[in-house]
Amino acid sequence: MSEVVERSEVVSPEPARALGALLDVPVPDLSREGLPLLWHWLYLLDRPAQTDLGPDGHPVRNCVPAPPGPGRRRMWAGGRVRTRGVLRCGEPATRRTRVASRADKQGRSGPLTFVTVEHLISQGGRVVVEERQDIVYRPAAGSLPAVSGGEVVPAGPGEWAIEVTPTLLFRFSALTYNAHRIHYDRDYARDVEGYPGLLTHGPLQALAMAEAARATGVGGEVEFSYRLVAPLFDHQGLITTATKESDSVATAVRDRYGRQTATGLLRGAA
């Protein structure tokens, strides 16, 4: 049985209001309607000591999951979230976290470690959010991601363009207490990790897809699964879309040149 880490706090409205201002999206009645899908990522956060952080800004000790070894790059690959109720502001909530699975594989660039982390968030004596996050650890060395370019494909009808700036990435990192330097330290991202720009957060892309789905009017208890399929850098923009079907909403993120970087599917929770 893997270790279970538990955190509790009163869910305050201020982080939710800050996210609404950051993305310029409507904030619902937080005490009655509760948090929109994925907004729980602003709460019950791990806040490691500065001495527990590695050179890249991620914790290397006293954390779940623990990195498989020094010098490995951590990538958020995707996940699945089920809502089982309403997570309301003004009330205490508890998150229980554990490593659900871990597997080592050999990739083209070297050893890869796949980790699935499970979170259960409870409020008022019942689980209201079930989540699984997929994380990949890969070697520090390896081929760099291709940078898309060419003709710009403007946002069309039904698409939502978010201007990705260093300020936006820094503020999102602050809201989620994410110290990973690839999102706000351009010199580190370029000179140490070899990226052509600041990396746009995977969770930010997932939130953009969830917000695009919310704009279609979907509500109630849902299941949202998403995958990050390609890296997205700040100079490439972020354009998301949501297509409502009979029993689901298909979502996606692309850059300004038409290259897809994330996909998602939202449907009613079983």
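These lines cover the structure that appears in this document, whether it is placed above or below. Only a predicted model underlies this, so the values are computations on that prediction, with no experimental measurement involved.

Quick look at the overall build of the chain now. Along the backbone of the chain there are four helices and 10 strands. Ordered by position in the sequence, the α and β elements of the chain form the string β-α-β-β-β-β-β-α-α-α-β-β-β-β. For 270 residues, the compact-globule estimate of 2.2 N^0.38 gives 18 Å, and the chain sits close to it at 18 Å. For the chain, the C-alpha atoms occupy an extent of roughly 50 × 50 × 30 Å along the three principal directions. Looking at the chain as a whole, 45% of its 270 residues qualify as buried. Counting only contacts in the chain whose residues sit at least 6 apart along the sequence, the fraction spanning at least 24 positions is 71%. For the chain, the accessible surface area stands at approximately 13,000 Å², while carbon and sulfur atoms represent 52% of it. Averaged over its 32 positive side-chain charges, the chain has a centre that lies 4 Å from the centre of its 30 negative ones.

Moving on, we get to unusual backbone geometry. The residue after V64, namely P65, is reached through a cis peptide bond having omega 0°. Structurally, the position occupied by P65 is in the loop between helix 1 (13-23) and strand 2 (72-83). Residue N62 is not a glycine yet carries a positive backbone phi of 55°. Tracing the backbone through its elements, the reader meets N62 in the loop between helix 1 and strand 2. According to the relative accessible area criterion, N62 is exposed, its value standing at 70%.

What follows concerns the side chain of T261. Mapped onto the fold, T261 is located in strand 10 (residues 260-268). Of the polar contacts made by the side chain of T261, one reaches the side chain of Q205; its length is 2.8 Å. Not counting the four nearest positions on each side in its chain, T261 is found in contact with Q205, R227, L228, V229, A230, P231, L232, V253 and R254.

A word on the side chain of D56. With respect to the helices, strands and loops of the structure, D56 is situated in the loop between helix 1 and strand 2. Excluding anything up to four places from it in sequence, D56 contacts A179, H180, R181, Y188 and E193.

Moving on, we get to the environment of P48. For P48, the location among the structural elements is in the loop between helix 1 and strand 2. C-alpha separation for the pair P48 and V60, spaced 12 residues apart in sequence, amounts to 9.6 Å.

By way of backbone hydrogen bonds, the strands of a sheet pair with one another, either parallel or antiparallel. The sheet built from 10 strands is open, its strands ordered 1-3-4-5-2-7-10-9-8-6 with antiparallel pairing. The open sheet has two edge strands, strand 1 (5-10) and strand 6 (159-162), and neither has a second partner. Shown here is a sheet whose adjacent strand axes are inclined to one another by a mean of 20°, direction ignored. Relative to strand 4 (residues 110-123), strand 3 (residues 92-107) is paired through 13 bridges, and the arrangement is antiparallel.

Time to look at the packing of helix 1 against helix 2 (residues 166-175). The contact between helix 1 and helix 2 brings their axes to 11 Å, and the two run at 165°. Considering their axes alone, helix 1 and helix 2 lie roughly antiparallel with respect to each other. Crossing angle aside, the handedness with which helix 1 passes helix 2 is left-handed. Mapping the contact onto sequence places P15, A18, L19 and L22 in helix 1 and L168, R171, F172 and L175 in helix 2. In terms of residue class, the contact of helix 1 with helix 2 is made up of seven nonpolar, no polar and one charged.

One pair of aromatic rings is described through two measures. These are the centre distance and the angle between the planes. This model, assessed by the stated rule, comprises five aromatic pairs. Summarising the aromatic geometry, the rings of F224 and Y226 are spaced 5.8 Å apart at their centres and angled 25° between planes, so their arrangement reads as stacked. On the basis of relative accessible area, Y226 is assigned to the buried category, the value being 1%. Clustering of aromatic rings is evident, with ring pairs tying together W41, W76, F224 and Y226. We note R73 situated over the ring of Y195; from NZ or CZ to the ring centre the distance is 5.6 Å. Residue placement shows K105 over the ring face of F114; its charged tip is 5.3 Å from the ring centre.

Rules and cut-offs
- Residues numbered from 1 in each chain as written.
- Predicted model: local features only at pLDDT ≥ 70, side-chain atom pairs only at ≥ 80, totals over all residues.
- Heavy atoms only, no water.
- Helix = DSSP H or I, 4+ residues; strand = E, 2+ residues; numbered from the N terminus.
- Rg over C-alpha atoms; globule rule 2.2 N^0.38 Å.
- Buried < 20%, exposed > 50% of the residue type's maximum accessible area, 1.4 Å probe, protein only.
- Contact = heavy atoms within 4.5 Å.
- Areas by Shrake-Rupley, 256 points an atom, 1.4 Å probe, with all protein chains shown as cover.
- Lys, Arg positive; Asp, Glu negative; His and termini not counted.
- Charge placed at Lys NZ, Arg CZ, Asp CG, Glu CD.
- Polar contact = N/O pair within 3.5 Å; in protein donor to acceptor, adjacent residues only side chain to side chain.
- Pairing = 2+ DSSP bridges.
- Axes fitted to C-alpha atoms, helices over the stretch in contact; angles between N-to-C directions.
- Parallel < 35°, antiparallel > 145°, perpendicular 65-115°, else oblique.
- Left-handed = near helix turned anticlockwise from the far one by under 90°.
- Nonpolar A, V, L, I, M, F, W, Y, C, P; charged D, E, K, R; others polar.
- Phe/Tyr/Trp six-rings, centres within 6.5 Å; stacked < 30°, edge-to-face > 60°.
- Lys NZ or Arg CZ within 6 Å of the ring centre and 35° of its normal.

Keep in mind these numbers describe shape, not what the thing actually does.
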